[in-house]
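Secondary and tertiary structure notes
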Amino acid sequence: MVTRERVADTQSKMAEPGWAESVRAARKTSLLQDGKRKVHYLFADGVEMAEEYDSKTHELFVRKWRKKTPLGAYGPWEIEVGEAPLPVSALQPDFLKESNSNPIFIRKDTKSSFQWRVRNLPYPKEVYSVTVDKAERCCIVRTTNKKYYKKFSIPDLDRCNLELFESALSFAHANNTLIINYQKPKEILAIEEELQRELKSMKTNADGDVECKTQ
């Protein structure tokens, strides 16, 4: 599992002004495959970002990052949005593993909100609280029964130097899953809208990668 510290290290350059300009200037390639638009970004400093969108609704399925190690080789992909793929061994019919009842924390966004889901939390909704810690620039999930505690950041806001507001947070609970939403601020929506216009303008097909011309 990717730790908060590793993700923060991978994205250290992004916690600066000019994120929209960085995305605009990045070299992009795109591929339509299996109903998804897969986009690869190469930034000026060599950091790579890969995203997958629903080709019809344009909702984000996956965002992941990687950068070069001090020896010049690329490190592993680190997931920001979406779930890590199962290991190949897990797909084999004779693969056995213990049932895992521990909470599983993943991010799955919607068009209007950043969204996180915590599976395997059977407690009723009134047990949970979700708050913002502005000093640490993070959100915190707590339970009154002290069975679960989680801190998590919102890298999108860090990249754009945007403040966190507790009023943007909401949560629900169903089917042993805690669903946390943070309403996207207008600055994020504007950046995403601009990017989607650029991606839609690409003459991309399923035959291979097509380079997107950047400004």
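Residues numbered from 1 in each chain as written. Predicted model: local features only at pLDDT ≥ 70, side-chain atom pairs only at ≥ 80, totals over all residues. Heavy atoms only, no water.

**Re the pairing of strand 12 (residues 177-183)**
- Burial of strand 12 is extensive: six of the seven residues sit out of reach of the surface.
- Sheet topology note: the strand 7 (residues 113-119)/strand 12 ladder contains six bridges and is antiparallel. Residue pairing in the sheet places Ser-113 in a bridge with Gln-183 of strand 12.
- In this structure, strand 11 (residues 169-174) lies alongside strand 12, joined through six bridges in antiparallel fashion. Bridge pairing in strand 12 links His-173 to Leu-178.
- Here strand 11 folds back onto strand 12, and the loop between the two strands holds two residues, one of which, Asn-175, carries a positive phi near 55°. (Buried < 20%, exposed > 50% of the residue type's maximum accessible area, 1.4 Å probe, protein only. Helix = DSSP H or I, 4+ residues; strand = E, 2+ residues; numbered from the N terminus. Pairing = 2+ DSSP bridges.)

**As for the nonpolar core**
- Counting 40 residues, the largest nonpolar core has Tyr-41 and Tyr-182 as the members making the most contacts within it.
- Of the residues forming this core, the biggest block, four residues, is contributed by helix 4 (residues 186-200). (Core = buried A, V, L, I, M, F, W, Y, C linked by side-chain atoms within 4.5 Å.)

**Quick word on the packing of aromatic side chains**
- Under the counting rule described, the total for this entry stands at eight aromatic pairs.
- Considering the side-chain rings of Phe-43 and Trp-65, the 6.2 Å spacing of their centres and the 15° angle between planes classify their relative orientation as stacked. With a gap of 22 residues between them, Phe-43 in the loop between strand 2 (36-42) and strand 3 (48-54) and Trp-65 in strand 4 (residues 60-66) connect regions that are remote in the sequence. Side by side, Phe-43 and Trp-65 carry an identical accessibility label, which is buried.
- Linked through ring pairs, Trp-19, Tyr-41, Phe-43 and Trp-65 together constitute an aromatic cluster.
- Its end group placed over the ring of Tyr-74, Arg-66 keeps NZ or CZ at 4.6 Å from the ring centre.
- Over the ring of Phe-171 we find Lys-125, and its NZ or CZ is 5.5 Å from the ring centre. (Phe/Tyr/Trp six-rings, centres within 6.5 Å; stacked < 30°, edge-to-face > 60°. Lys NZ or Arg CZ within 6 Å of the ring centre and 35° of its normal.)

**As for unusual backbone geometry**
- One non-glycine residue, Asp-34, adopts positive backbone phi at about 55°.
- Structurally, Asp-34 can be placed in the loop between strand 1 (27-33) and strand 2.
- Here Asn-120, not a glycine, exhibits a phi torsion of approximately 65°, which is positive.
- Considering the arrangement of structural elements, one finds Asn-120 in the loop between strand 7 and strand 8 (128-133).

**Here we look at the pairing of strand 7**
- Among the seven residues in strand 7, five count as buried, and that is most of the element.
- Alignment of strand 6 (residues 104-107) against strand 7, held across four bridges, turns out to be antiparallel. Bridging across to strand 7, Arg-107 finds its partner in Trp-116.
- Count of turn residues in the strand 6/strand 7 antiparallel hairpin: five residues.

Bear in mind that shape data such as this cannot, by itself, settle questions of function.
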